[in-house]
2 protein chains.
Amino acid sequence: MNRIKLSEIPTQPPKGMDKSDHEDKTKALIEELGELQNVLFAEGKHSLLVVLQGMDASGKDGVIKEVFSGVNPMGCRVKGFKKPSEEEMKHDFLWRVHKEVPEKGMIQIFNRSHYEDVVIQRVHEWVTLPVIKERYALINAFEKLLQQNGTIILKFYLHVSRDEQQERLKERLSDPRKMWKYNANDLEESKRWDEYMVAYEDAFNTCSPDIPWMVIPADKNWYKEYLIAKTIVEALKKLDMQYPRIDGQKG
Amino acid sequence: MNRIKLSEIPTQPPKGMDKSDHEDKTKALIEELGELQNVLFAEGKHSLLVVLQGMDASGKDGVIKEVFSGVNPMGCRVKGFKKPSEEEMKHDFLWRVHKEVPEKGMIQIFNRSHYEDVVIQRVHEWVTLPVIKERYALINAFEKLLQQNGTIILKFYLHVSRDEQQERLKERLSDPRKMWKYNANDLEESKRWDEYMVAYEDAFNTCSPDIPWMVIPADKNWYKEYLIAKTIVEALKKLDMQYPRIDGQKG
């Protein structure tokens, strides 16, 4: 696997790519995802875990809203991981995460995840680097456990430029529909941009090489949504799922 | 409140009602629901609990898939209540339900609910009638507790005719996309139709008069979806919700 170097990966779509053409493709993919989720649920052999990470305002919420707009809410759950609660702090860092993994048939989306425990905690030096390194190994074992139980894990890093992030944070101050998302702390965190990039890169390059991170150019929503929808649809299609028959035989 | 008598309530839409006209209206309502959910989530003052009950094949899953197709999965959770687990059986009947009520800002859908504990349990005589009567009072207190904490509770009974149910159960045997839903037990349960109607009526007429049950004619999916979407949108609009502003003043 090639090592990920974030500064070398564009945050914009490739030049010459057509927006409206890809919006149409995304629409078709979203519909296909709805179909695939039906059979995932009916078959009940696999589950899908989508992990979303990214800096503040990188568009994680938007991905959830758009890419999963065609799925039946009955078969899809979203869990946002914020500052751990007191109870959660009394457990190992994977305890609260393990409780939320998808059962067979289900799609689970993580809005932030156990990767916060090797990123924000490293940037703020809340834990030491040797502890971070240990956590990489624990994360790898944990993800393997899920994978061996039939969980497909797709991990997306929403890669925005710092300029684009600043734009979006400013927008939150002027758009009444977005103001509630504004958090003064986001600007503070943004100052640590370079440290975040190092922490992310190290996590991406060390964690679960067979369950790789996908770095998604995320300055343009249409391109980000297209890539993510496409990746999910392709991964589910590979499972070659079938609606169960009463006689127990395959389709 | 008028007492509900199921045999006097039609399972078909009113005569002369136009299907495609109402499908268009439902589409607009679904979009409006998506908007309302955004502000519900942003404001974080209320929550919405949608309770779905109905005989097997009355279309509960379909309602979830269609009516909530415009909501952001981040703000909406679905819980199906099946046969209680061993752990659940060791608790009071509301224990597993209380764990799943929506936090402020969220929509929670119950696919079956605590009403199973006064319906199926009564029909099968797993508990005595005096216990059932006690449960009505406990349910009323429980729903009041939620309501006083800002939860809007909307309870829909999907009212299908027995003929329509038989049709749909048969369809499950012939449609490969529906076969996985087939359960031989559903036919057994269907034989107790009249007892179910009595148990439902009694629950509807006794539980939480100020949080009334709505009996939805459900033989036609387009009409059922229209009525439910309309009821939910109207209930949320009454809340007069606002996007929070940073200065803490109302929009």
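Shown above is the structure to which this text applies.
Bear in mind that the values here come from a model prediction, so they are computed numbers and not experimental data.

S.K.: Lay out the packing of aromatic side chains in plain terms, naming residues and giving numbers.
M.R.: Within the structure shown, the criterion is met by 16 aromatic pairs over all chains. When the centroid spacing of 4.7 Å and the interplanar angle of 55° are considered together, the rings of Tyr157 of chain A and Tyr200 of chain A count as tilted. Here the residue Tyr157 of chain A occupies a position in strand 4 (residues 151-159), and Tyr200 of chain A occupies one in helix 9 (residues 193-206), the gap between them amounting to 43 residues. Among the residues examined, Tyr157 of chain A registers a relative accessible area of 0% and is labelled buried. Taken together, the ring pairs connect Tyr115, Tyr157, Tyr200, Phe204 and Trp213 of chain A into an aromatic cluster. Lys99 of chain A extends its terminal NZ or CZ atom over the ring of Trp95 of chain A, reaching a point 4.1 Å from the ring centre. It is Arg135 of chain B that lies over the ring of Phe93 of chain B; its NZ or CZ is 4.8 Å from the centre.

S.K.: Just give me the short version of the packing of helix 1 (residues 19-43) of chain A against helix 10 (residues 221-237) of chain A, but keep the residues and values in it.
M.R.: Residue and element names in this part refer to chain A. Closest axis-to-axis distance for the helix 1/helix 10 pair is 9 Å, and the angle between their directions is 35°. Considering how the two elements wind past one another, helix 1 and helix 10 form a crossing that is left-handed. Across the interface between the two elements, Lys19, His22, Glu23, Lys25, Thr26, Leu29, Glu32, Leu33, Leu36 and Leu40 from helix 1 touch Trp222, Glu225, Tyr226, Ala229, Lys230, Ile232, Val233, Leu236 and Lys237 from helix 10. For the contact of helix 1 with helix 10, the class distribution of residues is 10 nonpolar, 2 polar and 7 charged.

S.K.: Please set out unusual backbone geometry residue by residue, giving values where relevant.
M.R.: With a phi angle near 70°, Arg112 of chain A is a residue other than glycine that sits in the positive phi range. Counting through the fold element by element, Arg112 of chain A comes out in the loop between strand 3 (107-111) and helix 5 (116-123).

S.K.: Which residues make up the state of the cysteines, and what values do they have?
M.R.: Taken as a whole and assessed by the stated rule, the structure comprises 0 disulfides over all chains. With no disulfide of its own, Cys76 of chain A lies closest to Cys76 of chain B among cysteine sulfurs, the gap being 9.6 Å. The exposure class of Cys76 of chain A is buried, given its relative accessible area of 2%.

S.K.: Before we move on, can you summarise the packing of helix 2 (residues 60-67) of chain A against helix 10 of chain A with the specific residues and values?
M.R.: For any two helices packed against each other, the geometry comes down to the angle between their axes and how far apart the axes lie. Residue and element names in this part refer to chain A. Contact geometry of helix 2 with helix 10 gives a least axis separation of 10 Å together with a crossing angle of 60°. As far as their axial angle goes, helix 10 and helix 2 are oblique. Note on packing geometry: the crossing formed by helix 2 with helix 10 is right-handed. Only Lys224, Glu225, Ile228, Ala229 and Ile232 of helix 10 make contact with helix 2, whose side of the interface consists of Gly62, Val63, Glu66 and Val67. Residue composition of the contact of helix 2 with helix 10, grouped by class: 5 nonpolar, 1 polar and 3 charged.

S.K.: I'd like to hear about the sheet that holds strand 4 of chain A, residue by residue, with values.
M.R.: Each strand in a sheet pairs with its neighbour through backbone hydrogen bonds, running either in the same direction (parallel) or in the opposite one (antiparallel). All names here are of chain A. Pairing is parallel in the open sheet, where 5 strands are placed in the order 2-3-1-4-5. Sheet topology places strand 2 (76-80) and strand 5 (213-217) at the edges, where each strand pairs with a single neighbour. Between one strand axis and the next, the sheet turns through 20° on average, direction left out of account. Pairing between strand 1 (residues 47-54) and strand 3: 5 bridges, direction parallel. Note that in strand 3 the partner of Leu49 across the bridge is Gln108.

S.K.: How would you sum up the pattern of salt bridges? Please name residues and give values.
M.R.: Counted by the stated rule, this structure contains 32 salt bridges over all chains. With a shortest N-O distance of 2.9 Å, Lys178 of chain A and Glu171 of chain A are connected by a salt bridge. Its relative accessible area of 34% is what places Lys178 of chain A among the partly exposed residues. In this structure, Glu143 of chain B engages Lys155 of chain B in a salt bridge whose closest nitrogen and oxygen atoms are separated by 2.8 Å. Taken as a pair, Glu143 of chain B in helix 6 (residues 129-148) and Lys155 of chain B in strand 4 (residues 151-159) lie far apart in primary sequence, 12 residues in all. On the accessibility criterion, Glu143 of chain B (1% relative accessible area) is buried.

S.K.: How would you sum up the relation of the copies chain B and chain A? Please name residues and give values.
M.R.: Superposition record for chain B on chain A: RMSD 0.0 Å, screw rotation 180°, translation along axis 0.0 Å. Viewed as a symmetry operation, the transformation between the two copies matches a two-fold axis. Looking at the interface residues of chain B, 100% of them are also at the interface in chain A, so both copies use one shared face.

S.K.: So, the environment of Lys5 of chain A: which residues are in play, and what are the values?
M.R.: Residues and elements named next belong to chain A. If you trace the backbone, Lys5 turns up in the segment before helix 1. On the accessibility criterion, Lys5 (40% relative accessible area) is partly exposed. Between the C-alpha atom of Lys5 and that of Met197, which follows or precedes it by 192 residues, the distance is 8.9 Å.

S.K.: How would you explain helix 2 of chain A if you had to name every residue and give the values?
M.R.: Every α-helix winds through 3.6 residues per turn, so residues three or four apart in the chain are directed the same way. All names here are of chain A. Every buried residue of helix 2 is accounted for by Lys60, Val63, Ile64 and Val67. When helix 2 is viewed along its axis, its buried side chains cluster within an angular range of 100° and face the same direction. Contacts from the buried residues of helix 2 go to helix 1, strand 1, strand 2, strand 3, strand 4 and helix 10.

S.K.: Describe the pairing of strand 3 (residues 107-111) of chain B, and please don't skip the residues or the numbers.
M.R.: All names here are of chain B. For strand 3, the buried fraction is high: 5 of the 5 residues fall into the buried class. Alternating positions in strand 3 separate into two faces, Ile107, Ile109 and Asn111 on one and Gln108 and Phe110 on the other, with burial throughout. As defined by bridge partners, strand 2 (residues 76-80) adjoins strand 3 across 5 bridges and the pair is classed as parallel. When the sheet's bridge partners are listed, Val78 is paired in strand 3 with Ile109.

Thresholds applied
Residues numbered from 1 in each chain as written. Chains lettered and ligands numbered in written order. Predicted model: local features only at pLDDT ≥ 70, side-chain atom pairs only at ≥ 80, totals over all residues. Heavy atoms only, no water. Phe/Tyr/Trp six-rings, centres within 6.5 Å; stacked < 30°, edge-to-face > 60°. Helix = DSSP H or I, 4+ residues; strand = E, 2+ residues; numbered from the N terminus. Buried < 20%, exposed > 50% of the residue type's maximum accessible area, 1.4 Å probe, protein only. Lys NZ or Arg CZ within 6 Å of the ring centre and 35° of its normal. Axes fitted to C-alpha atoms, helices over the stretch in contact; angles between N-to-C directions. Left-handed = near helix turned anticlockwise from the far one by under 90°. Contact = heavy atoms within 4.5 Å. Nonpolar A, V, L, I, M, F, W, Y, C, P; charged D, E, K, R; others polar. Disulfide = S-S within 2.5 Å. Parallel < 35°, antiparallel > 145°, perpendicular 65-115°, else oblique. Pairing = 2+ DSSP bridges. Salt bridge = Lys/Arg side-chain N within 4 Å of Asp/Glu carboxyl O. Least-squares fit on C-alpha atoms with pLDDT ≥ 70 in both. Arc of directions from axis to C-beta.

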